[in-house]
Amino acid sequence: MTFRAFHVFIDTNVLVNMVYAITLHHRLNRPRPKILDLLENNVLEIYTSIIMVNELDDVALPKLLTSVDREMHGWVNVETNEMEEYCISELNSLVNMRYVRVIEEDGSLELQRRALKYKPSKRVCWKSNIMDKLLSRIPNEDIDVINSLLYAYDLLATVRRKRGPGTISGKLVFVTEDKHLRNFVERQLTCYDCPCTSRIIAISYKEFKDQLRQI
């Protein structure tokens, strides 16, 4: 697998771990994450959803910061709320530099968003009939994530950018630490003659980092 050929869509847990690692590097001079080099050199494009960003702010980041080994990580004399401010500032910087791109807000994706909104015929995975088939099988807490994932696939992999809207072939790598969510994507994100089959590839954060080391 080469990340030059595939966009990467990440969930909340992966986003918060990545932001935290980069924050440690910038604030406490910890080892530089390989992912930062790839982002700065435009080798890797990371996308996420506003849903993930909001969950990071409200739940994931406070949970992470109250569980880390403060002494080992170098936070001994830093209050938790200050740690949180550093991480949020880092996330905002990553978004502003377009290293992390929020699919609902990224300005460069406006053409694609309008195409999917006003031309349903351009949709491949983000379709009401596909969601209807999946709703009875998706855990309630994951419905918004799956909807965002299907939307991201159509937005990133199936809408032409230079020649106007249109469907193209492609795959979207979905990085998640949620084993149940990964199992659902791998085993349930299919239906009879479903176009999503084999187009969305789920991998763990560890697998993702292992792939980065090979680049």
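Scroll up to find the structure this text is about.
Keep in mind it's a predicted model, so treat the numbers as computed, not measured.

> Would you take a moment to explain helix α10 (residues 205-213) for this structure?
Residues spaced three or four apart along an α-helix point in a common direction, a consequence of the helix completing one turn every 3.6 residues. Every buried residue of α10 is accounted for by Tyr205, Phe208 and Leu212. Seen along its axis, α10 keeps its buried residues to an arc of 60 degrees; they face one direction. Away from the buried face of α10 by more than 90 degrees, exposed residues Lys206 and Arg213 are located. Tucked into the core, α10 has its buried residues touching β1 (7-10), α1 (12-28), α2 (34-40), β4 (172-175) and β5 (200-203).

> Would you explain the environment of phenylalanine 9 in this entry?
Note on placement: phenylalanine 9 falls in strand β1. Excluding its chain neighbours within four sequence positions, the residues that come into contact with phenylalanine 9 are Tyr47, Thr48, Ser49, Met52, Ile103, Ser148, Leu149, Ala152, Leu172, Val173, Phe174 and Val175.

> Sorry, what's going on with the sheet that holds strand β2 (residues 46-48) here?
Pairing between sheet strands relies on hydrogen bonds along the backbone, with the strands arranged either parallel or antiparallel. If you walk across this open sheet you meet the 5 strands as β3-β2-β1-β4-β5, and the pairing is parallel. On the outer flanks of this sheet lie β3 (100-102) and β5, each paired with one strand and no other. For this sheet the average axis-to-axis angle between neighbouring strands, irrespective of direction, equals 30 degrees. Against the sheet, helix α9 (residues 179-187) contacts β4 and β5, and its axis sits at roughly 150 degrees relative to β5.

> Looking at this model, I keep getting lost on the nonpolar core. Mind explaining?
Generally speaking, a soluble globular protein has its nonpolar side chains buried in company with each other. One finds Leu15, Met18 and Ile146 to be the most contacted residues of the largest nonpolar core, which totals 68 residues. In terms of residue count, the dominant contributor to this core is helix α8 (residues 143-157) (9 residues). Taken together, domain 1 (6-102) and domain 2 (111-209) each give at least three residues to this core, which thus spans both. When residues no more than four places from it in sequence are discounted, the contact partners of leucine 15 are Ile10, Thr48, Met52, Val53, Leu56, Leu91 and Val100.

> Got a minute to help me understand the packing of α1 against helix α3 (residues 50-65) in this structure?
Each pair of packed helices can be summarised by the angle the axes make with each other and by the distance between the axes. The N-to-C vectors of α1 and α3 enclose an angle of 60 degrees; their axes lie 9 Å apart at closest approach. The orientation of α1 with respect to α3, classified from their angle, is oblique. Read as a crossing pair, α1 and α3 show a hand that is right-handed. On the side of α1, the interface is formed by Thr12, Leu15, Val16, Asn17 and Tyr20, while α3 contributes Met52, Val53, Glu55, Leu56, Ala60, Leu61, Leu64 and Leu65.

> Could you clarify how one ought to interpret the pattern of salt bridges in this entry?
Following the criterion strictly, the structure yields 11 salt bridges and no others. Note that glutamate 207 is salt-bridged to arginine 182, the shortest N-O span being 2.9 Å. On the criterion of sequence distance, the pair formed by glutamate 207 in helix α10 and arginine 182 in helix α9 is long-range, its members being 25 residues apart. Here glutamate 207 falls in the partly exposed class, since its relative accessible area comes to 32%. Between arginine 213 and aspartate 210 there is a salt bridge, with its nearest N and O atoms 2.5 Å apart.

Cut-offs used in this document
Residues numbered from 1 in each chain as written. Predicted model: local features only at pLDDT ≥ 70, side-chain atom pairs only at ≥ 80, totals over all residues. Heavy atoms only, no water. Buried < 20%, exposed > 50% of the residue type's maximum accessible area, 1.4 Å probe, protein only. Helix = DSSP H or I, 4+ residues; strand = E, 2+ residues; numbered from the N terminus. Arc of directions from axis to C-beta. Contact = heavy atoms within 4.5 Å. Pairing = 2+ DSSP bridges. Axes fitted to C-alpha atoms, helices over the stretch in contact; angles between N-to-C directions. Core = buried A, V, L, I, M, F, W, Y, C linked by side-chain atoms within 4.5 Å. Domains from an automatic or database assignment. Parallel < 35°, antiparallel > 145°, perpendicular 65-115°, else oblique. Left-handed = near helix turned anticlockwise from the far one by under 90°. Salt bridge = Lys/Arg side-chain N within 4 Å of Asp/Glu carboxyl O.

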